[in-house]
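Here's the letter readout for the chains.
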Amino acid sequence: MKIFSSGNNALSGILIFGLFLCVAMSGCSNQYNLQEIIGTVTLDGEPAEGVGVIFTAMDPEGRDCGGRTDANGVFTMTSSVGQGGDGTSPGKYKVYFEKMVSAKELPSKDPRRTKSAMESELYFNGLPKRYQVANGNSGFEVEVIKGKNKFNFDLTSKE
């Protein structure tokens, strides 16, 4: 039985392309020299659940990445090119944090906690502004090195 014949050019082309695609995709994360990154985030000494952790590259060859903490405050980072938990390239990064909360969850004195915001069910970053990307400088910087990287971040709720 012939699998490839002159009558199956389209099928053989698809199979060859599929094989090429599988081989090419299997090396993607190595192409970017991605390193494993895990860590923890605490807020006022307690594990911080649901906090987004964002690394923004300070080096031109760096790759931005992000992760989210679990109930124990533990996170793994995923790059923009990879699969879950694949990490990022070696280099220096600024670190930012976000925790989206509804207007109802904001402290009572927070100016964003308006009647309109609560009725509209709006969400805001509930962490202090100094940790947010819009601030431009959270005070946290890390250097990702070859191999397994572990970072722990202790945040405080006081502005």
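What you see is a predicted model; the values in this text were computed from it and never measured.

1. Quick look at the pattern of salt bridges
Summed over the entire model, instances satisfying the criterion amount to one salt bridge. Close ionic contact of Glu 98 with Arg 68 constitutes a salt bridge, the shortest N to O distance being 3.3 Å. Of this pair, Glu 98 sits in strand S7 (residues 91-98) while Arg 68 sits in strand S4 (residues 65-68), and the two are 30 residues apart along the sequence.

2. Points about the packing of aromatic side chains
Taken as a whole and judged by the stated rule, the model has ten aromatic pairs. Judged by centre distance (5.3 Å) and plane angle (65°), the rings of Phe 97 and Phe 153 are edge-to-face. One end of the pair, Phe 97, is in strand S7; the other, Phe 153, is in strand S11 (residues 149-155), and 56 residues separate them in sequence. The exposure class assigned to Phe 97 is buried, which follows from its relative accessible area of 1%. Seen from their ring centres, Phe 140 and Phe 153 are 5.4 Å apart, and the 90° between their planes marks the pair as edge-to-face. In this pair, Phe 140 is assigned in strand S10 (residues 140-144) and Phe 153 in strand S11, connecting sequence segments 13 residues apart. With a relative accessible area of 3%, Phe 153 lands in the buried category. Here the aromatic residues Phe 55, Phe 75, Tyr 93, Phe 97, Tyr 131, Phe 140, Phe 151 and Phe 153 are joined through ring pairs into a cluster of three or more.

Calculation notes
- Residues numbered from 1 in each chain as written.
- Predicted model: local features only at pLDDT ≥ 70, side-chain atom pairs only at ≥ 80, totals over all residues.
- Heavy atoms only, no water.
- Salt bridge = Lys/Arg side-chain N within 4 Å of Asp/Glu carboxyl O.
- Helix = DSSP H or I, 4+ residues; strand = E, 2+ residues; numbered from the N terminus.
- Phe/Tyr/Trp six-rings, centres within 6.5 Å; stacked < 30°, edge-to-face > 60°.
- Buried < 20%, exposed > 50% of the residue type's maximum accessible area, 1.4 Å probe, protein only.

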